[in-house]
Amino acid sequence: VKGKGNLRDGLSRLLTEVSQGYLQPDMGGESIPTAEGELSDLAGDEPLFKALYQWFLDSGGVYKLAFGPKAFIVVSDPVVVRHLLKENAGNYDKGVLAEILEPIMGKGLIPADLETWKPRRRAIVPAFHRAWLGAMVAMFNACTRESAAKLDRLIAAAGDGEAVVDMEEEFLNLGLDIIGLGVFNYDFRSITRESPVIKAVYGVLKEAEHRSTFYIPYWNLPLASVLVPRQRRFRADLAVINACLDGLIAAAKRTRQATDEEALQARDYTKVRDPSLLRFLVDMRDADLDDRQLRDDLMTMLIAGHETTAAVLTWTLFALMQQPEVERKLLAELDAEVGDEAVTLDHIARLPYLRATLAESLRLYPQPPILIRRALGDDVLPPGLRGAPGGYPIGKGADLFISVWNLHRSPYLWRDPDAFRPERFSEAHANADFGGAWAGYRPEAQGASLYPNEVASDFAFIPFGGGMRKCVGDQFALTEAAVALVLLLRRYTFRLEGGPERVGMATGATIHTANGLRVRVAARAAPAGQPAVPAAAETPALATAS
Ligand code: HEM
């Protein structure tokens, strides 16, 4: 890619400036096609992943993006993605991403190098067990009803039966309250109030985003953290959150009751006073109780679980407001299956169209849109659907971008790739032309999973990644989003204020709107013959540590 441009999109800056870049030595074999374009192609209002899409169509499922001596390999092919995430996952770490996130998440599970990651993953996965998820569902209901109570108040205050609300902001508040309760039993109450801790969380999130987007990594310079006001603010915000997390960790340790993993999972979660992940991690008999590691993992889950789920709700609502036919079908399913009681896992099991709608939202708006890897040793990429027959050699240190956006909108994998059509997940439509080493999309291969996943699609659909570093919070997040949608869609009508183009799109860690999701919200009448849509006030009490 040649030329100069005033890069405005964050990831473009990351590409060109933040990373050390990677010098591909001559390794023999097939050489990776280089994307032909101008750097100024990246400089418009469009986010980077849209430019990466155009080059994918022009250059194929594996291409190289070169900026002077630096090169990045962009992968949009399911066979190559399967190799990176699963078959040879041990040869890759998080590279640039770990460098950016280190000051915030330390060695938490997402950025962690493989050695640190292994025992932590083993400790954390059992905490996400089924009985815990059941307890979380009650909390998801309670928090969503708090959101509904707020919408009721806003509608009442507007006086004419409807209020214009930025639903992206409301979903972020809801996501924060839920992750705080689920991960460390701390009630941020961000739906209803402001607090120094909430402000600090948003400050740190903003800084994480800024770091992945600002083109000169000046925070690494000596004294910069003292001299630059935003760095001082960042350090102050981080100190507020760390003090809060340290306090919660210390309290959990003081009341520790070492218990076997199986016994912890077999507890009656309807009676457990503190069902949080932190409690589980501390109480597990052979737990690693290193304060720093616990804090890094909690911070990681706070950030990983908050914005992502809020983004899923934001884009699902955005899509539904423009698809009256999908919305009608979805509401018919919800009204038929859910009364005025709390939403349960059993309900969700009976709501296939809701689950397909969430999957379709994650297909079109993957969070994050790009996964980042760096090769720890030399490797040969397997031939992809549109790759070179012999595969491409890559060297140690190679920086790779797995474009989930490209994969999920690939015209070689999906019929009408840009259309929002939840029905697609019940149709088998492997593209015979590209068969090769890719098994195609097979709904029957979903197995026990309630949702379409990377297994059923043989790595063409990877909303939660895949292989050993797959998201640990996928079921938590999907259930949270399902409960929130059922309660809110049954209770309100949502109409987009202004056209969809006004919403805009921007990237940081996740895809968010450029201008908020401004929506006209009004109460929805109960459908004929149906019980009343649930009232917002019936919020069960929660035992919390706010
Ligand atoms: C990893 C997506 C919610 C915790 C990941 C990855 C993706 C992802 C794509 C893989 C990253 C990679 O391979 O580079 C999402 C989406 C979510 C969501 C779309 C919401 C809809 C959550 C929640 C939690 C969580 C709620 C925690 C409560 C994690 C952790 C990892 C991870 C700890 C790292 C796993 C490892 O490396 O072993 N997530 N996530 N995520 N996610 Fe999520």
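Since we're looking at a predicted model, the values are computed, not measured. Per chain, the residues get numbers from 1 upward, laid out in the order the sequence is written. Totals for whole chains, interfaces and linings use every residue, but because this is a predicted model, local features are given only for residues with pLDDT of at least 70 and side-chain atom pairs only at 80 or more, for both listing and counting.

J.: Where do I start with the overall build of the protein chain in this structure?
T.: Helix and strand counts for the protein chain come out as 19 helices and 12 strands. A burial count over the protein chain gives 48% of its 546 residues as buried. Any two residues are considered in contact once their C-beta atoms, placed from the backbone, lie within 7 Å. If you take every contact in the protein chain between residues at least 6 apart in sequence, the share linking residues at least 24 apart comes to 76%. Helix and strand definitions here come from DSSP, where helices need a minimum of 4 consecutive H or I residues and strands a minimum of 2 consecutive E residues; each element is numbered from the N-terminal end. Using C-beta atoms placed from the backbone, we call a residue buried if 20 or more other C-beta atoms fall within 10 Å of its own, exposed if 12 or fewer do, and partly exposed for counts in between.

J.: Hey, could you run me through the sheet that holds strand β12 (residues 518-523) in this one?
T.: Strand pairs in the sheet, formed through backbone hydrogen bonds, run parallel or antiparallel to each other. Pairing between two strands is assigned when DSSP locates at least 2 bridges connecting them. Taking strand neighbours across the sheet as the criterion, the 3 strands line up as β4-β12-β9 in an open arrangement whose pairing is antiparallel. Each edge of the open sheet is held by one strand with a lone partner, namely β4 (162-166) and β9 (492-496). For this sheet, the mean angle separating the axes of adjacent strands, direction not counted, is 30°. Of the strand pairs in this sheet, β9 and β12 are connected by 5 bridges, and their pairing is antiparallel. Opposite Phe 494, over in β12, you have Val 521 as the bridge partner. The convention used is that axes are lines fitted to C-alpha atoms, helices contributing only their stretch in contact, and that angles between N-to-C directions extend from 0 to 180 degrees.

J.: How should I be thinking about helix α10 (residues 229-254) in this particular structure?
T.: Each α-helix turn comprises 3.6 residues. Residues three or four places apart therefore point the same way. Here the expected span of a helix is defined as 1.5 Å times the quantity of residues minus one. Compared with an ideal rise of 1.5 Å per residue, which puts 26 residues at 38 Å, α10 spans 37 Å between its outermost C-alpha atoms and is within 8% of the ideal. Of all the residues in α10, the buried ones are Phe 234, Asp 237, Ile 241, Cys 244, Leu 245, Leu 248, Ile 249 and Ala 252.

J.: Can you walk me through the UniProt feature "binding site: heme" (unreviewed entry) in the protein chain in this structure?
T.: UniProt positions are given in the numbering used here, feature names are shortened, and annotations may be inferred rather than shown by experiment. Mapped onto this structure's residue numbering, the UniProt feature "binding site: heme" (unreviewed entry) falls at Cys 471. Setting aside residues up to four positions removed in sequence, Cys 471 forms contacts with Phe 464 and Gly 465.

J.: Help me out: how do you make sense of the packing of helix α6 (residues 130-158) against helix α18 (residues 474-491) in this one?
T.: At a closest axis distance of 9 Å, the pairing of α6 and α18 adopts a crossing angle of 40°. Relative to α18, α6 is oriented so that their crossing is right-handed. Contacts between α6 and α18 involve Leu 133, Met 136, Val 137, Phe 140, Asn 141, Thr 144, Arg 145 and Ala 148 on the former and, on the latter, Gln 475, Phe 476, Thr 479, Glu 480, Val 483, Ala 484, Leu 487, Leu 488 and Arg 491. Here the nonpolar group is Ala, Val, Leu, Ile, Met, Phe, Trp, Tyr, Cys and Pro; Asp, Glu, Lys and Arg are the charged ones; every other residue, Gly included, is treated as polar. Residues belonging to the contact of α6 with α18 are distributed by class as follows: 10 nonpolar, 4 polar and 3 charged. In this scheme the handedness of a crossing depends on how the near helix is turned from the far one: anticlockwise by less than a right angle means left-handed, clockwise means right-handed.

J.: Looking at this model, I keep getting lost on the pairing of β12. Mind explaining?
T.: Successive side chains on a regular strand alternate, one facing one side of the sheet and the next facing the other. Sheet topology note: the β4/β12 ladder contains 5 bridges and is antiparallel. Looking at the pairing, Val 164 lines up with Arg 520 of β12.

J.: Is there a simple way to think about the site of the ligand in this case?
T.: Around the ligand, the surrounding shell holds 22 residues, and the nearest of these are Gly 305, Gly 465, Cys 471, Gly 473 and Ala 477. Taken together, the elements giving at least two residues each to the shell around the ligand come down to α13 (291-321) and α18. In terms of residue count, α13 provides more of the shell around the ligand than any other element does, 7 residues in total. Tallied by class, residues from the shell around the ligand come to 13 nonpolar, 7 polar and 2 charged. Proximity of a residue to a molecule or strand is defined by its backbone-placed C-beta atom lying within 6 Å of that partner.

J.: Sorry, what's going on with unusual backbone geometry here?
T.: In this chain, Gln 367 is followed by Pro 368 through a cis amide linkage whose omega measures 0°. Within the secondary structure, Pro 368 sits in the loop between α16 (352-364) and β5 (370-375). Of note, Asp 416 is a non-glycine position whose phi angle comes to about 45°, a positive value. Relative to the elements of secondary structure, Asp 416 occurs in the loop between α17 (404-408) and α18. We note that Asp 458 has phi near 45°; this positive angle belongs to a residue other than glycine. Along the chain, the position of Asp 458 falls in the loop between α17 and α18. You can call Asp 458 buried: it has 21 C-beta atoms within 10 Å.

J.: What should I look at first to understand the confidence of the model for the protein chain in this one?
T.: Do not read the predicted coordinates in detail wherever pLDDT is low. Scored from 0 to 100, pLDDT records how confident the predictor is in each individual residue. Chain-level statistics for the protein chain give a pLDDT mean of 85 and a share of 83% at 70 or above. Per-element confidence in the protein chain is highest for β12, whose mean pLDDT is 98, and lowest for helix α1 (residues 10-18), whose mean pLDDT is 45. Confidence over residues 214-219 falls short of pLDDT 50; this stretch has 14 contacts with residues more than four positions distant or in other chains. In this model residues 539-546 is a low-confidence stretch, pLDDT under 50, and it forms 20 contacts with partners more than four residues away in sequence or in other chains. Here the complex is predicted with pTM 0.91, and the ipTM for its interfaces comes to 0.99.

J.: How should α16 be read in this particular structure?
T.: Between its first and last C-alpha, α16 extends 18 Å over 13 residues, near the 18 Å set by a 1.5 Å rise per residue. Along α16, the residues classified as buried are Leu 354, Arg 355, Ala 356, Thr 357, Leu 358, Glu 360, Ser 361, Leu 362 and Arg 363. Packing partners of the buried residues in α16 comprise α13, α14 (324-337), α17 and α18.

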